[in-house]
Amino acid sequence: MTGWTDDADIGHPFWWEAAPPQPAEAGLPAHCDVLVIGAGYAGLSAAIAAHDCGATVAVADAGLPGAGASSRNGGMVGAHPRLSWSRLAGLYGAETADALFAEARPALEWLRGFIRSEGIDCDLQQTGRIQLAWTRKDFEAQRQMARDVAAKSDVQVRLLDRSGLGSEIATDQYFGGLLFPEHAAIDPAKFHRGLMRAAQRRGIAVAGACPVTALGRAPLGFTARTGQGQVRADKVILATNGYTGPPFRWHALRVFALPSFIIATEQLPAGDLAHLAPGRRTMVETRARHSYFRLSPDGRRVLFGGRAAMRPVPLERAAERLHATMAGIWAELRGVKLSHVWMGNVGYTFDHMPNVGEDRGLHHAMGFSGSGTVMAPYLGAKAAYRALGDPRGATAYADTRLRRHPLHPVPTPHFLRAADLWYRHWVDRIETWRGRA
Ligand SMILES: Cc1cc2nc3c(=O)[nH]c(=O)nc-3n(C[C@H](O)[C@H](O)[C@H](O)COP(=O)(O)OP(=O)(O)OC[C@H]3O[C@@H](n4cnc5c(N)ncnc54)[C@H](O)[C@@H]3O)c2cc1C
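Since the model is a prediction, treat every value here as computed from it, not as a measurement.

A.B. asks: Give a detailed account of the overall build of the protein, specifying residues and quantitative values.
C.D. replies: A count of helical and extended segments in the protein gives 11 helices and 19 strands. For 437 residues, the compact-globule estimate of 2.2 N^0.38 gives 22 Å, and the protein sits close to it at 21 Å. With the C-alpha coordinates aligned to their principal axes, the bounding extent of the protein is approximately 65 × 55 × 45 Å. By the burial criterion, 51% of the 437 residues in the protein qualify as buried. Counting contacts in the protein only where the partners sit at least 6 residues apart, residues at least 24 apart contribute 74% of the total.

A.B. asks: Give a detailed account of the site of the ligand, specifying residues and quantitative values.
C.D. replies: If you check the shell around the ligand, you find 43 residues, and the closest are Gly 40, Gly 68, Gly 74, Gly 344 and Gly 372. Secondary-structure elements contributing two or more residues to the shell around the ligand are helix H1 (41-52), strand E13 (255-265), strand E17 (338-349) and helix H10 (372-387). Its residues assigned to classes, the shell around the ligand shows 20 nonpolar, 21 polar and two charged.

A.B. asks: An account of the sheet that holds strand E7 (residues 176-180) is requested, with residue identities and associated values reported.
C.D. replies: With mixed pairing, nine strands are arranged side by side in an open sheet as E1-E17-E13-E16-E15-E14-E5-E7-E6. The outermost strands of the open sheet, each flanked by one partner alone, are strand E1 (4-10) and strand E6 (158-161). With strand direction ignored, the average angle separating the axes of adjacent strands in the sheet is 20°. Across 11 bridges, E13 lies against E17 in antiparallel orientation. In the sheet register, Ile 262 faces E17, and the bridge partner there is Trp 342. Across the sheet, helix H9 (residues 315-329) touches E1, E13, strand E16 (302-306) and E17, and the angle it forms with E17 is around 95°.

A.B. asks: Report on unusual backbone geometry, specifying residues and quantitative values.
C.D. replies: Glycine aside, negative phi is the norm for most residues, and most peptide bonds take the trans geometry. Despite not being glycine, Asp 123 shows a phi value in the positive range, around 55°. Secondary-structure assignment places Asp 123 in the loop between helix H4 (104-117) and strand E5 (129-133).

A.B. asks: Which residues make up the nonpolar core, and what values do they have?
C.D. replies: Across soluble globular proteins, nonpolar side chains show a tendency to be buried alongside one another. If you look at the biggest cluster of nonpolar residues, it comprises 131 residues, and the most contacted ones within it are Leu 35, Ala 46 and Val 59. Here this core gets 10 residues from one element, more than from any other, and that element is H10. Discounting residues that sit within four places of it in the chain, Leu 35 has contacts with Ala 58, Ala 60, Ala 224, Val 231, Ala 233 and Val 236.

Conventions adopted
Residues numbered from 1 in each chain as written. Predicted model: local features only at pLDDT ≥ 70, side-chain atom pairs only at ≥ 80, totals over all residues. Helix = DSSP H or I, 4+ residues; strand = E, 2+ residues; numbered from the N terminus. Rg over C-alpha atoms; globule rule 2.2 N^0.38 Å. Buried ≥ 20, exposed ≤ 12 C-beta atoms within 10 Å, placed from the backbone. Contact = placed C-beta atoms within 7 Å. Near = placed C-beta within 6 Å. Nonpolar A, V, L, I, M, F, W, Y, C, P; charged D, E, K, R; others polar. Pairing = 2+ DSSP bridges. Axes fitted to C-alpha atoms, helices over the stretch in contact; angles between N-to-C directions. Core = buried A, V, L, I, M, F, W, Y, C linked by C-beta atoms within 7 Å.

Shown next as structure tokens:
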């Protein structure tokens, strides 16, 4: 039975205590060169890049800017392709697979450079990240991934066998892991706040509580119906990711919202958690439950996320599941109280790969599939460069694709109900058995 602290906050991210999303009340112009829809990492980064190219830019967000995934995530920073080289080569060809691997390092460096040049205080910590192998088969796949990363990119990578993992995490649940020592951790809400400030410093109009409800094509661009009336724009960039709704049917059929849940433990005395994850790495599992976890920036809480369900469920129920999974990894956390549980939408594609591109002149950067702390701001900027014909828009992520799937014929992802049952009742059991084999 999960215990809660007296002041537990059910529904609000732990990150919002230090950096809650703020209302943005700028007035939108009647005309601008570039209108950006969505004020998360991707949208704000696109707006900043477009502005710095000399364009007049405005940003409209349906809610509080940042209250989408960008202030709710785990703050785990990494940018290697999620798929193996051979899988990518099968999907897009060897040349694109090579280019995607090669772009991992530039993308990570772009993010670091951006944080530095904009002076963003977001508790950036050089933690490194470990992908933990749940089964022997997963570990063998990691062996190949390590070879591919070493051969095809400049990203540092180290394969850790079971004994090597001992100095990283106090559990014997995993067969081994893949360590990316250059990966990092941030406070995601502070990072978003830094992006907002960078946009506002430039005089970019960011309007919250201002949904775009229709987008029409005009002879020289677009006319958007927004919460503040009509806005004409020569170019439009869609940056709505896991919150893409009905006006953008083409995209909503290709990028679906997969809920992800996170719990935060109560604050524990300084040093009490140090032995659980001595390296303080951020960690993510290969299991389909897709648990990911880290310590809070002050090292006094565990933040533990995962796919507690593949559809929205009551947060208390999600918290019970995550708590149980966490206690399965670290038994001594069984009695620890929780202070927060929250959820957000991950924008997923059927290829598991982000994409930057356009549909008849409407540009987009989306489908980050859980890798958005780097890829959303990085590809947001690329989308702006591409919309403006700037050569800096070159990226291999223009050669991935947003594809449709027969199980997702309407914009609402009903198929996730069936997927939820399938994963929890079959895949999970099989994986639990294999993990112990
Ligand atoms: C719980 C959770 C944990 C995660 N953990 C990690 C992690 O550790 N590492 C990692 O790399 N990634 C992680 N991610 C993914 C990452 O947070 C996202 O990929 C990233 O924030 C996406 O940014 P975005 O700007 O594309 O979208 P969002 O931040 O989701 O912003 C989209 C915005 O579009 C707006 N919008 C939607 N429709 C309209 C409309 N019609 N008009 C105007 N505005 C509209 C919404 O209001 C929203 O503000 C996680 C995601 C979640 C939910």
